[in-house]
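# Commentary on secondary and tertiary structure
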Amino acid sequence: AALGVLRDVRKRLPENRYGLCAGSSDMRPDRAGVLPLTDWLHDFFQNLAGSTPTDDPVTFGDLWGNGGDENAPRDIELVLMTTNVTRGISHRFPFLEGSWGQLYFDKSEFDQLFPKSVVDWMVKHAAGARHGGRLEVPEGFHPIPKPSDLPILLGARMSLSFPILLSAVPLYAANFERAPDNGKYPLERCWFSDGGLTSNFPIHFFDAPLPGRPTFGINLVPDTVETTEIDETDDR
């Protein structure tokens, strides 16, 4: 049994993107009629929006309600946290790519992690490649869509990729530290996992030099937990 576990950890776990579950079976339920987590989330989001799972996925731009203008006021602001394990940093989602450069996804990998309608949407709405002539981009790789076209399902899945339990999500970025091959820089795979690995309470999302409203953090605990008041004056 120990040898079997060791084999699975060293071989089969990396093959399944470092998770026991991929989280998707392209909207095919199991024998009990239950959808995997990613597919269930997709069905849930689509139902909330009054759509079907085969319709266009709900995007961040849909929540903004401003025609996709990143600088215009937004009806609903949704921001999530994910962790780039490869580079050891946290990322907010939708991405603020900054100096890390444009991110790409491999369609064949995403076909195994997300429903077909979501992957097809991302391919159709892939952003224009920046510095395309300087990068070695394999066939089947596409830039991720601009923030307003990103499905909220992608952000949710990347932010809750619980280590070992759920497969990490691979994205790719140029590695400008490596010498270019034939004058072009290769894409480096970056594994994205649970945002809680680097920022489990991202209250800084609401920070501002001159805040326009107060910010509250809420700690949810079971009703079985006994709460007590502490009187600091007499140490009770």
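Residues numbered from 1 in each chain as written. Predicted model: local features only at pLDDT ≥ 70, side-chain atom pairs only at ≥ 80, totals over all residues. Heavy atoms only, no water.

## Re the pattern of salt bridges
Under the definition given, this model contains 6 salt bridges. Among the salt bridges present, the one from E188 reaches R87, with a minimum N-O distance of 3.2 Å. With E188 in strand β9 (residues 185-194) and R87 in the loop between β2 (80-84) and β3 (89-93), the pair connects residues that are 101 residues apart, well separated along the chain. Taking the relative accessible area as the measure of exposure, E188 reaches 25% and is therefore partly exposed. (Salt bridge = Lys/Arg side-chain N within 4 Å of Asp/Glu carboxyl O. Helix = DSSP H or I, 4+ residues; strand = E, 2+ residues; numbered from the N terminus. Buried < 20%, exposed > 50% of the residue type's maximum accessible area, 1.4 Å probe, protein only.)

## As for the packing of helix α2 (residues 37-48) against helix α6 (residues 152-159)
Relative orientation of the contacting elements α2 and α6 amounts to 140°, with a least axis distance of 10 Å. Between α2 and α6, the crossing angle belongs to the class labelled oblique. Judged by the twist between their axes, the crossing of α2 over α6 is right-handed. Between α2 and α6, the residues in contact are T38, L41, H42 and F45 and I152, L153, A156 and R157, respectively. For the contact of α2 with α6, the residue count by class is 5 nonpolar, 2 polar and 1 charged. (Axes fitted to C-alpha atoms, helices over the stretch in contact; angles between N-to-C directions. Parallel < 35°, antiparallel > 145°, perpendicular 65-115°, else oblique. Left-handed = near helix turned anticlockwise from the far one by under 90°. Contact = heavy atoms within 4.5 Å. Nonpolar A, V, L, I, M, F, W, Y, C, P; charged D, E, K, R; others polar.)

## Overview of the pairing of β2
β2 sits mainly inside the fold: 5 of its 5 residues count as buried. Here β2 shows no split at all, with L80, T82 and N84 on one side and M81 and T83 on the other all buried. Here β2 pairs with β3 via 5 bridges, running antiparallel. Along β3, the bridge assignment pairs N84 with I89. In textbook terms, the turn of a hairpin is the stretch between consecutive antiparallel strands, and for β2 and β3 this stretch comprises 4 residues, one of which, G88, has a positive phi near 70°. (Pairing = 2+ DSSP bridges.)

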